[in-house]
Structure formats: C-alpha cells, structure tokens
Amino acid sequence: MVSISYSHRPNGDWVFDDEVAKCFDHMLKTSVPMYDEMIRSIFSIISQNNFSCKPDNGSMLDLGCGTATTLKELACLSTGHSVVGIDSSESMVKIARENTEHLSNASIYCQSVTDPFPDKRLYGTVLSVLTLMFIPPLDRLKVLKMCHDRLDDNGIMFVVEKCETNFDEDIIVPIYHLWKMSQGYSKKSIENKSSSLKGVLVPFSAWENEVMFKQAKFKSEIFFAHHMFRGWILKKG
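What counts, and at which threshold
Residues numbered from 1 in each chain as written. Predicted model: local features only at pLDDT ≥ 70, side-chain atom pairs only at ≥ 80, totals over all residues. Heavy atoms only, no water. Helix = DSSP H or I, 4+ residues; strand = E, 2+ residues; numbered from the N terminus. Buried < 20%, exposed > 50% of the residue type's maximum accessible area, 1.4 Å probe, protein only. Phe/Tyr/Trp six-rings, centres within 6.5 Å; stacked < 30°, edge-to-face > 60°. Contact = heavy atoms within 4.5 Å. Core = buried A, V, L, I, M, F, W, Y, C linked by side-chain atoms within 4.5 Å. Axes fitted to C-alpha atoms, helices over the stretch in contact; angles between N-to-C directions. Parallel < 35°, antiparallel > 145°, perpendicular 65-115°, else oblique. Left-handed = near helix turned anticlockwise from the far one by under 90°. Pairing = 2+ DSSP bridges. Patch = residues over 30% accessible without salt bridge, like charges linked within 9 Å, V, L, I, M, F, W, Y side chains within 5 Å. Areas by Shrake-Rupley, 256 points an atom, 1.4 Å probe, with all protein chains shown as cover. Salt bridge = Lys/Arg side-chain N within 4 Å of Asp/Glu carboxyl O.

A. Focus on unusual backbone geometry. At Met 34, a residue that is not glycine, the phi angle is positive and equals roughly 60°. As for its placement among the helices and strands, Met 34 is situated in the loop between α1 (18–31) and α2 (35–49). Of the residues examined, Met 34 reaches a relative accessible area of 39% and is grouped as partly exposed. Notably, Leu 130 is not glycine yet its phi reads approximately 60°, a positive angle. Position of Leu 130 among the secondary structure elements: in the loop between β4 (123–129) and α5 (137–149). Residue class for Leu 130 comes out buried when judged on its relative accessible area of 11%.

Below, the structure written as structure tokens:
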C-alpha cells in the first residue's frame, strides 16, 4: 500500500519536499498509467531524431527533471552530448545530483523553469514531462517560447501533461481513481492527494495545450494518450 502523509504540509498544499522526493519515482509509475511505456517511446524517438540536429546542438534539456532518473538514462543514451536538468525543488535537485554525480555530461540546476535557462546553447531535445501543469498558467506560454528559441531547427520537444477532461468527469475521474487503487493507493490517500494538489496542479484541456503550442510557433502531434494524460511531440512550425 502506498502511503504518504499530508499533515506536515501547510494548508494541505502539495510541495515537492524531502518526503515526496524519496518516493517520487515510485509515485510516477503508480500515478501515471503506462508511464514506463511513455518514457520508452520518448527514448526511441530521441535516438532516431537527435542525429538530424547540427553536431553542436544535440544537447538535451529536461525541464522539471525531478530526481533525474530519466535524465540519467538520457545522459547514458547520448554520451557525446550534454544533458541539462532544471528543477525548482531543492529536495529533488539534491537526489538528482547524487544520481548523476558519476556522469560527466550531466548538469543539474536548481531554479524555476520560468527563469532564463542556464546557458546560451541550442538543444536538440527538450523534455517537459508533467511539468507545465505545475507552472502558473500565465507563465506557460512564456516557457514554451523560451524553449522554441533554444531549440535547434531540427530539434524536438516532448510535452506530457495531465489534461482536464471535456467529457463527463463523473465517468472519467472514477476510472482513473480505480486504476490508482489497483496500484496500491487507498481511497483516502487518493482523496488527500487530490485535495492537496488543488490550485497547485492546474491542468489545461488537450485543446488548450494545443492552442498554446501554436501560439509559441510549434506544430504538434500526439504520441501518447491514456486516461487523462496526453503526450505531444513539438517541432518548430
């Protein structure tokens, strides 16, 4: 049974603190249906695309890198290129740096993804996996435009989001919660987490995300869809 206390959080608001960081990887796999399959799809696409970028622009940027589990695999996948991770949580960054300290091509920065990126390079790949939904809505377009400016002309960006449903929530949400219960969560823990995430995780609908991509001058295509989650590949339009 997955159990996380919420009593230590002021006003019940969700925070990426030490307690969450310690179980974050497990939480992803038990909160996002087909999470591993989605990550494998990203790796497969990256391995095919990254070689089409200019030699100096094959570096990768992971926005909201968490504990750097995915970033670490990317660094091993592309040893000839730099991999940069950004996360605003000190607890996450501490573990991320421990996980990547043996990798000479990996760098982790503790900062908001809305702040200017650490360097001036162009990237062949940018990842935003379950990150935009935690950024204040008015800042999301700004972040996407920053990514567009720093992406190689042949580069790709991955955006994965939990989306607000336009369908009957009385049908869709219980289906998702039943799946989470099958992963070991209790009904009470699901309710507590949902309550603590209100106002912290603010999902857009799939359509709203796609409109925002166009505003940032990206063209997009869905590569992942399951339950309330969608994943897009973005390229410069």
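B. Quick look at the packing of aromatic side chains. Per the counting criterion, the structure on display carries 6 aromatic pairs. When the centroid spacing of 5.6 Å and the interplanar angle of 80° are considered together, the rings of Phe 158 and Phe 223 count as edge-to-face. Within this pair, whereas Phe 158 is found in strand β5 (residues 151–162), its partner Phe 223 is found in strand β6 (residues 218–226), the two being separated by 65 residues in sequence. Between Phe 213 and Trp 232 the ring centres are 5.2 Å apart and the planes differ by 75°, which places this aromatic pair in the edge-to-face class. Of this pair, Phe 213 sits in helix α8 (residues 206–215) while Trp 232 sits in strand β7 (residues 229–236), placing them 19 residues apart in sequence. We classify Phe 213 as buried; its relative accessible area is 0%.

C. Fine view of helix α4 (residues 90–100). Every buried residue belonging to α4 is among Ser 91, Met 92, Val 93, Ala 96 and Thr 100, and all of these are buried. Those residues of α4 that are buried lie in contact with α1, α3 (69–77), β2 (83–87) and β3 (106–110).

D. Looking closely at the nonpolar core. Judged by nonpolar contacts, the single largest core of 42 residues is most densely connected at Met 38, Ile 42 and Leu 130. With 6 residues, α2 is the largest single contributor of residues to this core. Ile 42 has contacts with Leu 127, Val 129, Phe 158 and Phe 223, leaving out every residue within four places of it along the chain. Formed by 25 residues, the second largest nonpolar core is a distinct cluster that contains Val 84, Tyr 123, Leu 132 and Phe 213.

E. Examining the packing of α1 against α4 more closely. At a closest axis distance of 8 Å, the pairing of α1 and α4 adopts a crossing angle of 45°. It follows from the interaxial angle that α1 and α4 lie oblique. Two packed elements cross with a definite hand, and for α1 against α4 that hand is right-handed. For the pair α1 and α4, the contacting residues are Asp 18, Val 20, Ala 21, Lys 22 and Phe 24 in the first and Ser 91, Met 92 and Ile 95 in the second.

F. Quick look at the sheet that holds β6. Within the open sheet, the 7 strands sit side by side as β3-β2-β1-β4-β5-β7-β6. Their pairing is mixed. Each having just a single partner strand, β3 and β6 make up the two edges of the open sheet. Between one strand and the next, the sheet's axes are offset by a mean angle of 15°, whatever the strand orientation. Contacts between α5 and the sheet are confined to β1 (60–63), β4, β5, β6 and β7, with β5 contributing the most and set at about 150° to the helix.

G. Examining a nonpolar patch on the surface more closely. Among the surface-exposed residues, Phe 167, Ile 171 and Ile 175 lie close enough to one another that they form a single nonpolar patch of about 290 Å² accessible area. In this structure, Ile 171 sits in helix α6 (residues 169–182). A relative accessible area of 40% means that Ile 171 is categorised as partly exposed.

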